[in-house]
Amino acid sequence: MSFPRQQARTQRFMLGVPQAFHISPDGRRVTFLRGRDGTDTAACLWMLDLESGGERIVADPREIGADDRNLPAEERARRERLRETGGGIVSYTVDESFTRAAFTLSGRLYYADLAGDGGPPRELPAASPVVDPVISPLGDSIGYVSNGAIRTIDISSGRDGVLVPAEPEGSDVTWGLAEFIAAEEMSRYRGMWWAPDGSALLAARVDNSAVLRWNIGDPGNPEAPPQTMAYPAAGTANADVRLAVFPVERGGAGPVDPLWIEWDRGALPYLVRAGWAATGPEKSPTVVFSAQSRDQRVLRLFSADPATGRGTEVHVDTDDVWVEIMSGVPAFTGSGRLVWIGPESAAGAGGERERRLYVDGRAVGPRDLYIRSVVDIDGERVLYSASPSGKPGVISLWLLDLREGSAGPVEFPGAPGDGVHAGRLRGGTLVLQRRDLESDGVRTAVIRGAGARTPEVAIEVASLAEKPEIAEPDVRMWAAGHRGIPAALLLPSWYESGSAPLPVLVDPYGGPHAQRVLHARPAYLTSQWFAEQGFAVLIADGRGTPGVGLRWEQAVHRDLATPVLEDQVSALHDAAERFDCLDLTRVAVRGWSFGGYLAALAVLRRPDVFHAAVAGAPVTDWRLYDTHYTERYLGAPDEDGAYERSSLLADAPKLSRPLMLIHGLADDNVVFAHSQRLSTALLSAGRPHVVLPLSGITHMPSEETTAENLLLLQVDFLLDALGRTPAER
């Protein structure tokens with residue numbers, strides 16, 4: 001089987017990898033999702049008992065007799081925002097005491113008992129379709145969304161009813177779901193949250209009536225009506241988002257009136273995070289939420305009394321450029337102390353502000369770390385992720401015990417050192433996942449007594465993912481050029497030193513919020529396959545990408561084109577000086593999403609360096625992209641020409657190199673209009689190019705045949721464009 005086919009059928013080798021972990025309060029049981037093998041698209045819910053070391057399946061979609069057909073539109077949209085391409089049970093929630101789990105299949109609601117042998121999962125008589133169910137902390141009821149309304153169902157009696165709204169508010173208004181901007185750009189995928197004592201639900205009300213409507217059609221299926229969606233393009237109106245608290249009676253109840261949470265939504269229109277905290281001597285539930293200004297220079301954290309709705313400011317971060325939304329915060333320790341990630345109030349010894357981890361306003365932990373996220377809180381212990389100074393491609397987990405005032409990196413059993421790590425922590429049990437350059441796939445260890453000198457239990461949870469049928473990537477990593485750009489080079493396994501120089505394929509993402517140069521073998525599989533086709537493949541994370549520092553990230557402010565392109569050129573020239581196997585007369589570039597934008601930008605503005613490009617799902621006109629992302633970097637469309645500087649459309653007459661545009665017609669993130677408008681501009685200028693439209697495909701092609709053939713077509717196009725040598729033919 002070819003690598004492209006294998007990668008497609010295994011969904012980039014993620015099928016069979018354990019994920020979505022939950023841990024019991026005593027740390028002795030762990031649940032997770034995993035298919036039965038490396039090609040099983042129907043993920044099951046599993047449980048691991050640390051006492052016995054045994055695993056069992058709690059819920060198997062095939063045994064239940066449900067599948068992914070007839071998914072509700074809201075669920076399909078939610079999965080698209082999450083880039084979730086798997087099937088079966090893709091998410092679930094558990095109650096506080098770890099007795100029950102709730103999930104959906106085909107828009108139907110199920111729960112499973114986690115205690116004892118549990119028995120088979122049971123379907124509940126919920127209103128259909130069911131979207132994003134959340135089980136109560138008490139485990140007695142489930143809140144869910146159906147047809148824009150929040151409903152609750154009592155597990156014991158099956159009593160089901162509408163919580164809100166009392167009367168239909170029209171198709172523009174939904175309750176309990178994250179709006180497009182929150183899910184796509186702020187990593188907030190939920191719109192309702194249970195109080196810790198199960199007495200109330202906090203819910204978001206989203207009104208899309210002022211948002212632009214875009215119609216996304218599929219010319220390949222002219223009989224199908226276009227999908228109409230609310231898309232807040234840069235400079236246009238966002239959804240109006242409000243928060244309200246609703247008391248929930250045991251056994252279910254009818255509609256109740258909202259108690260609105262008040263804040264200045266005009267000054268702070270973006271609801272970033274929301275939830276509850278148990279604070280004060282009585283540990284009474286308090287609403288906690290953060291909100292951001294439209295220009296994203298102000299981020300405020302509030303607490304609110306759920307009985308009155310009145311909010312009090314707890315913390316504020318400001319920045320003259322933008323304030324980054326950090327994952328995992330706000331968070332609270334068992335004693336109620338606020339854990340936060342924010343910029344330093346003053347520059348450090350190096351003259352630059354960086355982010356720090358704060359507990360109740362006091363910076364904690366080592367200063368020479370690039371702080372990424374708060375991963376989990378377990379009592380007074382904080383698990384957070386960070387990169388050591390000078391190692392942006394290394395992501396470690398650090399465990400801070402506030403009782404002892406110490407912090408240190410957590411090492412994977414038997415595999416210390418550099419890698420990319422993720423995890424969960426509860427009840428003294430740590431689930432630690434690792435990717436590194438020495439091994440395939442993802443390794444998972446469950447460590448009982450995390451942080452102790454000798455863990456009580458360390459069990460490895462098997463990954464059932466397939467092994468890639470490709471040469472092991474031999475990754476050469478370094479800091480390129482005078483800016484120290486993180487870079488990596490991959491060569492064919494069959495290439496011998498001193499042989500004829502190879503054509504170069506620059507293979508970047510190159511934009512905000514994503515890194516390609518990582519200490520993880522799985523990150524390089526596709527690039528290695530391209531190398532095996534006869535390329536020297538170069539990957540570089542230039543300015544704007546995470547991992548280096550605040551100044552590095554903010555270098556793209558008001559210009560998403562010039563810095564990122566300069567750094568790709570700089571990394572290419574530095575690589576050619578270091579390695580004598582690069583043929584700079586034959587340089588291609590490929591990328592997807594922001595990487596697609598960068599690929600097209602490269603051949604349009606630097607044809608002296610780049611000789612062919614494949615641009616997948618590229619942004620071409622930033623006025624067509626969404627408010628929160630675009631305005632963070634470029635401001636309002638009418639401010640200072642930033643959109644013109646970053647647009648590709650005016651450059652169309654300059655095209656002198658082969659360019660292939662690939663775009664899914666069903667893409668609702670970077671809509672097909674981006675490629676269409678660039679193609680129209682190229683045609684108007686008489687510039688030949690190739691357009692490959694993908695019928696029925698969204699932003700990330702996952703259909704097996706399509707994903708396989710896309711790789712093959714790209715290789716053929718690039719080798720032909722660069723001029724195949726006799727050996728390459």
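Look up: the structure comes first, before these words.
Residues numbered from 1 in each chain as written. Predicted model: local features only at pLDDT ≥ 70, side-chain atom pairs only at ≥ 80, totals over all residues. Heavy atoms only, no water.

## What about the packing of aromatic side chains?
Inspection of every chain in the model, using the stated rule, returns 21 aromatic pairs. Ring plane angle 90 degrees and centroid distance 4.9 Å describe the contact between tryptophan 322 and tyrosine 633, whose orientation is recorded as edge-to-face. Placement of tryptophan 322 in the loop between strand 24 (311-318) and strand 25 (331-332) and of tyrosine 633 in helix 9 (residues 627-634) is noted, with a sequence separation of 311 residues between them. Side by side, tryptophan 322 and tyrosine 633 carry an identical accessibility label, which is buried. Taken together through their ring pairs, the aromatic side chains of Trp322, Tyr509, Phe594, Tyr597, Trp622, Tyr625, Tyr629 and Tyr633 make up a single cluster. (Phe/Tyr/Trp six-rings, centres within 6.5 Å; stacked < 30°, edge-to-face > 60°. Helix = DSSP H or I, 4+ residues; strand = E, 2+ residues; numbered from the N terminus. Buried < 20%, exposed > 50% of the residue type's maximum accessible area, 1.4 Å probe, protein only.)

## A closer look at the packing of helix 5 (residues 525-532) against helix 12 (residues 704-722)
One can describe the packing of helix 5 onto helix 12 by two numbers: an axis separation of 11 Å at closest approach and a directional angle of 40 degrees. Here helix 5 lies oblique to helix 12, going by the angle between them. In the crossing of helix 5 with helix 12, the sense of the turn from one axis to the other is right-handed. Along the contact surface, helix 5 presents Thr526, Trp529 and Phe530, while helix 12 presents Leu711, Leu712, Gln714 and Val715. For the contact of helix 5 with helix 12, a count of residues per class yields five nonpolar, two polar and no charged. (Axes fitted to C-alpha atoms, helices over the stretch in contact; angles between N-to-C directions. Parallel < 35°, antiparallel > 145°, perpendicular 65-115°, else oblique. Left-handed = near helix turned anticlockwise from the far one by under 90°. Contact = heavy atoms within 4.5 Å. Nonpolar A, V, L, I, M, F, W, Y, C, P; charged D, E, K, R; others polar.)

## Structural notes on the pattern of salt bridges
Side chains bearing opposite charge may pair, as long as their charged atoms lie close to each other. In the structure shown here, the tally under the stated rule is 51 salt bridges. Two residues, arginine 5 and glutamate 704, come together in a salt bridge whose shortest N-O distance is 3.4 Å. Separated by 699 residues along the polypeptide, arginine 5 in helix 1 (residues 3-9) and glutamate 704 in helix 12 bring together distant segments of the chain. According to the relative accessible area criterion, arginine 5 is partly exposed, its value standing at 27%. Residue classification places glutamate 704 among the partly exposed residues on the basis of a relative accessible area of 30%. Between glutamate 566 and arginine 483 there is a salt bridge, with the nearest N and O atoms lying 3.9 Å from each other. Within this pair, whereas glutamate 566 is found in helix 7 (residues 562-578), its partner arginine 483 is found in the loop between strand 37 (476-480) and strand 38 (485-490), the two being separated by 83 residues in sequence. Residue class for glutamate 566 comes out partly exposed when judged on its relative accessible area of 38%. Given a relative accessible area of 30%, arginine 483 falls into the partly exposed group. Linked by salt bridges that have partners in common, Asp440, Lys467, Glu472 and Arg521 make up one network. (Salt bridge = Lys/Arg side-chain N within 4 Å of Asp/Glu carboxyl O.)

## So, the sheet that holds strand 13 (residues 160-164)
Read across the open sheet, the four strands follow the order 10-11-12-13; overall the sheet is antiparallel. Since the sheet does not close on itself, it has two edges, and those belong to strand 10 (131-135) and strand 13, each with one partner. Neighbour-to-neighbour, the strand axes of the sheet open up by a mean angle of 25 degrees, direction not taken into account. Here three bridges tie strand 10 to strand 11 (residues 141-146), and the two strands are oriented antiparallel to one another. Paired with valine 131 across the bridge in strand 11 is valine 145. (Pairing = 2+ DSSP bridges.)

## Details of the sheet that holds strand 30 (residues 381-388)
Here we have four strands laid out as an open sheet, ordered 29-30-31-32, and antiparallel in their pairing. For this open sheet the edge positions go to strand 29 (369-378) and strand 32 (406-409), each flanked by a neighbour on one side alone. Taking each pair of neighbouring strands and ignoring which way they run, the sheet shows an average axis angle of 25 degrees. When strand 30 meets strand 31 (residues 396-401), the two strands line up antiparallel, connected through six bridges. Along strand 31, the bridge assignment pairs serine 385 with leucine 397.

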